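Results of the structural survey
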Amino acid sequence: MKKIYALILLASAAVSSQAAFVSEGTGRVYTFEALSKIDTTGVTASEGAYIVSADFTISAGDTLRLMNNDVIKMGNGVSVTIDGYADFTPADTALITRDSESSNPKGFRIYADDGGATLRNVRFEYVGITFGCANGHLLADNCTFTLHNGKSSSTGAIAFNASCDGNVIENCRFVENTLNGIGCGATNPVGLIIRNNLFYHNTTSNRNRPQINVTCAGDYNMVISGNDVIGGQYTLSGGIGVSNMLGMAFTGTLTIEDNYVTENRYGIATIGPMNAIIRNNRLVNNCYETNPNNGGSCISIYDSSNKGNIYIEGNHLEGGLWGITIIGAPLVNVGKTENPNAEDYNPGNNVFVNNGNNDTLYDLYNNGTGTVYAQGNTWNVATQDSVSIETVVYHKADNEELGLVIFMPAGSQDTGIEDINAEAVEGDNRYYNLMGQPVSNPTSGIYIHNGKKVLVR
């Protein structure tokens, strides 16, 4: 019996040693070709590809390098841990994917405090990157992340699981991933630039995760700019979500600007206290929340701590269930034009078009107790006067317990919009919405008729 136990232990030790290659940490650069020539790595060369059938670790001080035109196929449940550096920068292209239709690999885990990664010109299929290098940074440029299976992390195709600064994700494509494209844990604010990327139909599992789902706090600055965030009309997945749900101290600044966000449950949402600038975004038809009481805003601000400072300027807000919604009493500036020399001057220049639900237009809903300045904006009314604008703003005038919205003076007085009664257009099929689609029975909102914009009431 003792001999049998000894044989079992020896066999177990042999399997364990073969399944857990760890590099020596001597400053060596490993390629997948080099790994395929080491028996214990679980990497083999087959038909022009490198098959990774077992976990392995690249130690601190070593580098894993992806070469030009490499094809890497990862097996079911396989993860590669990189405690050193990931140099994934082929000159032209490389592909990392699964080894069969039934495989769900876990992808790459880059965790060590002093590690880092540069990803460029790589297509990632079914696998993701989990990054947690407290003293390092991640750069991703011109990569594609598609069909991520959610096995590497529940946080996204690129997931940050530790706070770190100096990260840049630009010129990348995130397409039809099971979960969101980029994410952070609630306790892990990061310094991050997300710039000039395409997010297309992510969160195919239709879970409550926006396509960009990040945490902003501490002294970290975050910039989300120039991205196209195109939803799949999913009822639970929003466009851009930034949170500080734990109410962590914050001195950094979040900037969300020049993005095009469309066809999501909601457009942009901030949760918790933060310093934020939301500027020059085009937010169209982010309205796929099935219950307006649960969301569907072009811009949603939620801050029960009442400590945040939110600046909103120059956005086009169209086709949401709500234009801007505010819960709590953070300092929200949607336009303050009284003194051009004031530190809090904001020209406004936000444009509201056809935002509403249940046959009621809602451009701005102040569901908090703070006073909100919203001057210099163009509202979804034919005449930009106080009486007309009052019909699309919900605030203290409608409920004494809510904060006041100061919306006069408004922006452009001449909108070129003709005011028409809904009864006069019933059955008229010559009306089009602002996307150019014909509408046979237009109800309240702005439409195109005979080449002109008209407001149907």
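Residues numbered from 1 in each chain as written. Predicted model: local features only at pLDDT ≥ 70, side-chain atom pairs only at ≥ 80, totals over all residues. Heavy atoms only, no water.

1. Re the side chain of threonine 144
Spelled out, the test is: Per the convention used, a helix needs a DSSP run of H or I reaching at least four residues, while a strand needs a run of E reaching at least two, with both numbered from the N terminus. Between N or O atoms, a polar contact is any pair within 3.5 Å; within protein, one atom must be a potential hydrogen donor and the other a potential acceptor, and residues adjacent in sequence are included only when both atoms are from side chains. Residues count as neighbours in contact if any of their non-hydrogen atoms are within 4.5 Å of one another.
Assignment of secondary structure puts threonine 144 in strand β16 (residues 144-146). Here the side chain of threonine 144 touches arginine 173 through a polar contact of 2.9 Å, side chain to side chain. Excluding residues that lie within four positions of it along the chain, threonine 144 makes contacts with Val122, Arg123, Phe124 and Arg173.

2. Examining the confidence of the model for the protein
Where we set the bar: Every residue gets a pLDDT, meaning the predictor's confidence in that residue, from 0 to 100.
Per-residue confidence for the protein averages 90 on the pLDDT scale, and 87% of its residues sit at or above 70. The model gives residues 1-17 a pLDDT under 50, and that stretch makes 1 contact with residues more than four places away or in other chains.

3. Observations concerning the state of the cysteines
The cut-off we apply is this: Criterion for a disulfide: a pair of cysteine sulfur atoms within 2.5 Å.
Considering all chains together, one arrives at 0 disulfides under this definition. Of all cysteine sulfurs, the one in cysteine 133 lies closest to cysteine 164, which takes part in no disulfide; the gap is 7.2 Å. Cysteine cysteine 287 remains unbridged, with the sulfur of cysteine 298 as its closest cysteine sulfur at 8.7 Å.

4. Description of the packing of aromatic side chains
For any pair of aromatic rings, geometry is given as the distance between the ring centres together with the angle between the planes. Let me state the cut-off plainly: To pair, rings of Phe, Tyr and Trp, with the six-membered ring standing in for Trp, must have centres within 6.5 Å; the planes then decide the type, stacked if under 30 degrees apart, edge-to-face if over 60, and tilted in the middle. The buried label goes to any residue with under 20% of its type's maximum accessible area, the exposed label to any with over 50%, and the partly exposed label to all in between, with areas taken from a 1.4 Å probe on protein chains only.
Within this structure, the stated rule accounts for 12 aromatic pairs. Judged by centre distance (5.3 Å) and plane angle (90°), the ring pair of tryptophan 322 and tyrosine 365 falls under edge-to-face. Residue tryptophan 322 is found in strand β35 (residues 322-328), and its partner tyrosine 365 is found in strand β40 (residues 364-367); the two are separated by 43 residues along the sequence. Look at tryptophan 322 and you get buried, because its relative accessible area is 11%.

5. Description of the nonpolar core
Applied cut-off: Here, nonpolar core means buried Ala, Val, Leu, Ile, Met, Phe, Trp, Tyr and Cys residues that are tied together by side-chain atoms lying within 4.5 Å of each other.
In terms of nonpolar packing, the biggest core is built from 86 residues, with Phe32, Leu64, Phe88 and Trp379 touching the most fellow members. Per-element tally for this core: the top contributor is strand β32 (residues 297-303), with 3 residues. Residues in contact with tryptophan 379, not counting those within four places in the same chain, are Phe352, Asp363, Leu364, Ala374, Gln384, Ile389, Val392, Val393, Phe407 and Ala410.

6. Considerations on the pairing of β35
Quick reminder of the rule: Each pair of strands is called paired provided DSSP finds at least two bridges between the two strands.
Within β35, 6 of the 7 residues are buried, leaving the element largely enclosed by the surrounding structure. As defined by bridge partners, β32 adjoins β35 across 6 bridges and the pair is classed as parallel. Within the sheet, the bridge partner assigned to serine 297 lies in β35 and is tryptophan 322. Taken together, the 4 bridges between β35 and β40 define a ladder with parallel strand orientation. Within the sheet, the bridge partner assigned to threonine 325 lies in β40 and is tyrosine 365.

7. Comments concerning the environment of aspartate 114
In this structure, aspartate 114 sits in the loop between β11 (107-110) and β12 (116-120). Judged by relative accessible area, aspartate 114 falls into the exposed class, the value being 66%. A sequence separation of 29 residues divides aspartate 114 from tyrosine 85, and the C-alpha atoms of the two residues are 8.7 Å apart.

8. Remarks on the pairing of strand β10 (residues 94-98)
In terms of burial, β10 is a largely internal element, 4 of the 5 residues being buried. Bridge analysis of strand β7 (residues 71-74) against β10 gives 4 bridges, and the strand direction is parallel. Its bridge partner being in β10, methionine 74 is matched across the sheet by arginine 98. Pairing geometry for β10 and strand β13 (residues 122-125), over 3 bridges, is parallel. Across the sheet, the residue bridging to leucine 95 is arginine 123, located in β13.

9. Some remarks on the pattern of salt bridges
The cut-off we apply is this: The term salt bridge refers to a pairing of a side-chain nitrogen on Lys or Arg with a carboxyl oxygen on Asp or Glu at a separation within 4 Å.
A complete count under the given rule lists 9 salt bridges for this structure. As a salt-bridge pair, arginine 120 and aspartate 141 come within 3.3 Å of each other at their nearest N and O atoms. Linking arginine 120 in strand β12 with aspartate 141 in strand β15 (residues 138-141), this pair joins segments that are 21 residues apart in sequence. Arginine 120 gets classed as partly exposed once you look at its relative accessible area, which sits at 29%. Between aspartate 344 and lysine 336 there is a salt bridge, and its shortest N-O distance comes to 2.8 Å.

10. A few points about a nonpolar patch on the surface
For the record, the criterion: Patches in this entry comprise residues that are over 30% relatively accessible and not in a salt bridge; like charges within 9 Å are linked, as are nonpolar side chains (Val, Leu, Ile, Met, Phe, Trp, Tyr) within 5 Å. Note on areas: Shrake-Rupley, 1.4 Å probe, and residue coverage restricted to the protein chains presented here.
Where nonpolar side chains cluster on the molecular surface, the patch consists of Met245, Ile271, Tyr302 and Ile327 and spans about 360 Å² of accessible area. Take methionine 245: it is sitting in the loop between β26 (240-243) and β27 (254-257). Methionine 245 sits in the exposed class, given a relative accessible area of 55%.

11. Regarding unusual backbone geometry
The omega torsion across methionine 408 and proline 409 is 5°, close enough to zero to call that bond cis. Structurally, proline 409 can be placed in the loop between β43 (405-406) and β44 (417-420). Here the phi dihedral of asparagine 285 falls at roughly 55°; this positive angle occurs in a residue that is not glycine. Its location among the elements puts asparagine 285 in the loop between β31 (282-284) and β32. For asparagine 285, a relative accessible area of 19% gives the class buried. One non-glycine residue, asparagine 349, adopts positive backbone phi at about 60°. Here asparagine 349 shows up in the loop between β36 (331-335) and β37 (351-353). Taking relative accessible area as the criterion, asparagine 349 reaches 45% and is therefore assigned partly exposed.

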